[in-house]
Amino acid sequence: MESAAKPSSVQNLLLRALLFVVSIFLLRFVYVVTLRGGSCGGGDYCFFTNLAEVATPASSAATASNPSYRALWTTLEWRKAVGYYSSVFQDLIAEGFLSSASESLCVDTAAGYEVLALKEIGVPDAVGVAKKSAPPLVVGGGEPLRLPFKNGSFDFVYAGQSLDRSKQPAYLAAEITRTLRPHWFLAVLTTSARDAYSLNSLTELFPGCIIVLSREINGMNSPEPLQEIVFQKLESAEIVRPKKGSSNHCPLPEHKLQIIRSAEPLIKKEPLKPWISLKRNIQNVKYLSSIADINFKQRYVYVDVGARSYGSSIGSWFRKQYPKQNHTFEIYAIEADRAFHGEYRTKKGVNLLPFAAWVRNETLTFEINHDPDNHDVEKGQGMGRIRPIGDSNDKVLSGNVHAIQGFDFTAWLKQTVTEKDYVVMKMDVEGTEFDLVPRLLKTGTICLIDELFLECHYNRWQKCCPGQRSPKYKYTYGDCLKLFTSLRNSGVLVHQWW
């Protein structure tokens with residue numbers, strides 16, 4: 001009986017040893033699949049790998065001993081997100097934009113998926129920044145437009161879709177560029193930048209960088225693809241690019257040519273019934289914001305030159321009909337007629353300039369006349385036009401004349417907007433367009449305007465008096481057509497307005 005018991009105890013010992021070894025490998029397998037996403041680093045024995053490897057250096061000990069991090073990082077949500085970003089970063093490694101030695105920053109990463117992905121694929125020196133901290137992967141940035149890092153701190157910056165989410169992408173882009181070392185790379189993901197106009201707007205956010213990669217990739221939680229764009233920072237981020245208003249002509253790059261080619265054609269033959277033809281043409285207008293993505297601008301500005309009443313165009317057209325792509329516009333109303341000034345005091349979000357847009361600062365005469373063809377005159381007022389004091393070239397059509405202050409419109413526009421802003425302008429100035437537009441073209445200030453709705457005034461046929469032209473203006477329809485053509489040839493998207 002004793003001899004039979006000995007083999008049984010030996011078998012039990014062997015069985016226990018075997019179960020112990022199997023348990024080790026099972027635990028190793030579970031670790032690899034759940035925590036490491038199915039792969040181990042070369043030469044690692046994954047079961048004994050310290051979890052601190054995926055934490056920041058300062059918090060590695062705390063991470064290794066904190067089971068809450070282990071539980072969080074092994075959830076389905078985390079594994080899906082980390083797996084997605086791991087794939088994105090591995091492609092960037094293959095392209096040579098990222099390496100295991102890269103000091104890396106992930107911007108606006110609320111949870112830290114991107115940071116953990118970098119660490120798991122072998123880029124240990126990575127940190128995230130967001131408005132609120134999420135230890136141990138993400139530090140709090142406080143003010144989102146001031147990243148808490150010194151100049152040139154990183155070899156690789158992953159901006160992700162932070163620019164899409166930011167209300168001030170120009171300032172955020174400047175901060176991202178500041179923290180990047182020269183010659184190194186930053187990567188952006190965006191739902192925009194699919195057209196030449198939008199891509200140019202994005203490029204202008206990084207004036208010290210050049211695009212080295214642009215491609216379409218799959219999104220993580222959306223069937224809509226994303227644009228992945230990689231920039232390389234040049235030796236000096238203070239490279240000066242010519243500004244839109246800094247020369248006597250507008251540059252005509254491809255993105256502007258595409259917009260002009262997409263615009264509605266100009267009406268080249270003078271309409272016999274302009275009060276019908278030009279008004280109908282408004283239905284054919286192809287707005288810039290319906291042709292291209294207008295994201296990545298610093299500000300959005302609408303300037304109404306010759307605004308008249310609030311309901312004339314600001315309230316009835318721009319605020320209700322112009323496609324704004326969910327952007328909030330600053331509005332400026334330029335109107336010299338004192339009859340309308342009181343109305344604007346009650347209109348929120350509208351900045352009134354109670355002067356006349358002119359080519360210089362000087363006192364002008366403001367003439368109110370009653371056009372028999374105009375049935376939309378507000379408050380019993382006629383249409384006003386300005387002239388320099390002492391000008392006798394035009395006949396006065398009424399005795400209602402008073403002095404007003406004119407201001408240098410070109411100088412004001414240069415001081416108010418920049419090439420990084422999106423500027424829409426409507427101009428209805430009763431013939432003064434033949435003074436203002438040539439000056440805007442001559443000084444190059446016209447380059448600051450992205451889209452112009454221009455009503456051109458000429459000696460048109462009168463509705464009231466068949467066979468007679470209006471004596472109010474000396475210019476012809478041909479003169480107007482030349483004005484519109486010169487604007488489009490300069491790269492300005494201008495529309496014939498009524």
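Residues numbered from 1 in each chain as written. Predicted model: local features only at pLDDT ≥ 70, side-chain atom pairs only at ≥ 80, totals over all residues. Heavy atoms only, no water.

1. Examining helix 9 (residues 254-262)
Those residues of helix 9 that sit buried are H255, K256, I259 and I260. Take helix 9 and look down its axis: the buried residues cluster within an arc of 135°, on one side only. Packed against the buried residues of helix 9 are helix 8 (196-204), helix 11 (288-291), helix 16 (477-489) and strand 17 (493-496). (Buried < 20%, exposed > 50% of the residue type's maximum accessible area, 1.4 Å probe, protein only. Helix = DSSP H or I, 4+ residues; strand = E, 2+ residues; numbered from the N terminus. Arc of directions from axis to C-beta. Contact = heavy atoms within 4.5 Å.)

2. Focus: the environment of K472
Of note, K472 is situated in the loop between strand 16 (451-454) and helix 16. In the structure, K472 is positioned 15 residues away from H457 in sequence and 9.0 Å away in space, judged by C-alpha atoms.

3. Focus on the packing of helix 15 (residues 433-443) against helix 16
Interaxial distance between helix 15 and helix 16 falls to 11 Å at its minimum, and their mutual angle equals 25°. When the axes of helix 15 and helix 16 are compared, the pair comes out roughly parallel. In this structure, the crossing between helix 15 and helix 16 has a hand that is left-handed. Counting all contacts with helix 15, which are made through E433, F434, V437 and L441, the residues of helix 16 involved are D479, C480, L483, S486 and L487. (Axes fitted to C-alpha atoms, helices over the stretch in contact; angles between N-to-C directions. Parallel < 35°, antiparallel > 145°, perpendicular 65-115°, else oblique. Left-handed = near helix turned anticlockwise from the far one by under 90°.)

4. Focus on the sheet that holds strand 3 (residues 138-140)
Strand order in this open sheet of seven strands is 3-2-1-4-5-7-6, and the pairing throughout is mixed. A single partner strand is all that each edge strand has here, and the edge strands are strand 3 and strand 6 (209-217). For this sheet the average axis-to-axis angle between neighbouring strands, irrespective of direction, equals 20°. In this structure, strand 4 (residues 154-160) lies alongside strand 5 (residues 180-190), joined through five bridges in parallel fashion. Across the sheet, the residue bridging to G160 is V188, located in strand 5. Sitting on the sheet, helix 7 (residues 169-179) touches strand 1 (104-107), strand 4, strand 5, strand 6 and strand 7 (226-233), and the angle it makes with strand 5 is about 140°. Where helix 8 meets the sheet, its contacts fall on strand 6 and strand 7, and the angle it forms with strand 7 comes to roughly 35°. (Pairing = 2+ DSSP bridges.)

5. Thoughts on the confidence of the model for the protein chain
Looking at the protein chain, pLDDT values average 82 and 78% of them are 70 or higher. In this model, residues 1-5 is a region of pLDDT below 50 whose contacts with residues beyond four sequence positions or in other chains number zero contacts. Every residue in residues 30-62 is under pLDDT 50, and counting partners more than four places away or in other chains gives 52 contacts. (pLDDT = per-residue confidence, 0-100.)

6. As for the sheet that holds strand 9 (residues 330-334)
The six strands are arranged 10-9-8-15-16-17 in an open sheet whose pairing can be described as parallel. Edge strands, defined here as strands with exactly one partner in the open sheet, are strand 10 (350-353) and strand 17. On average, adjacent strands in this sheet sit at an angle of 15° to one another, irrespective of strand direction. Sheet topology note: the strand 8 (residues 300-305)/strand 15 (residues 422-427) ladder contains six bridges and is parallel. Within strand 15, the residue paired with V303 across the bridge is M425.

7. Here we look at unusual backbone geometry
Note on backbone geometry: most residues besides glycine have negative phi, and most peptide bonds are trans. Following P135, the chain continues to P136 via a peptide bond in cis, the omega torsion being 5°. One can find P136 in the loop between strand 2 (126-130) and strand 3. Of note in the backbone geometry, Q325 takes a positive phi value of approximately 50° without being a glycine. Here Q325 lies in the loop between helix 12 (314-321) and strand 9. A relative accessible area of 28% means that Q325 is categorised as partly exposed.

8. As for the packing of helix 4 (residues 76-95) against helix 5 (residues 113-120)
At a closest axis distance of 8 Å, the pairing of helix 4 and helix 5 adopts a crossing angle of 60°. What the angle tells us is that helix 4 and helix 5 run oblique. Judged by the twist between their axes, the crossing of helix 4 over helix 5 is right-handed. Of the residues in helix 5, those touching helix 4 at E77, W78, R79, A81, V82, Y85, S86 and F89 are Y113, E114, L116, A117, L118 and E120. Looking at the contact of helix 4 with helix 5 residue by residue, the class counts come to nine nonpolar, one polar and four charged. (Nonpolar A, V, L, I, M, F, W, Y, C, P; charged D, E, K, R; others polar.)

9. Overview of the environment of G444
One can find G444 in the loop between helix 15 and strand 16. The class for G444 is buried, based on a relative accessible area of 0%. Expressed as a C-alpha distance, the spacing of G444 and T410, which sit 34 residues apart in the sequence, is 9.4 Å.

10. Quick word on the pattern of salt bridges
The final tally for this structure, using the stated rule, is 17 salt bridges. In this structure, the salt-bridge partner of R215 is E95, at a minimum N-O distance of 3.1 Å. Pair noted here: R215 is in strand 6 and E95 is in helix 4, with a separation of 120 residues, a long-range link. Its relative accessible area of 21% is what places R215 among the partly exposed residues. The salt bridge involving R469 is made with E270; its shortest N-O contact spans 2.9 Å. Note that R469 is positioned in the loop between strand 16 and helix 16 and E270 in the loop between helix 9 and helix 10 (274-281), a separation of 199 residues in sequence. A relative accessible area of 31% places R469 in the partly exposed class. Each of the salt bridges in this network shares a partner with another, and the network as a whole consists of E95, R215 and E228. (Salt bridge = Lys/Arg side-chain N within 4 Å of Asp/Glu carboxyl O.)

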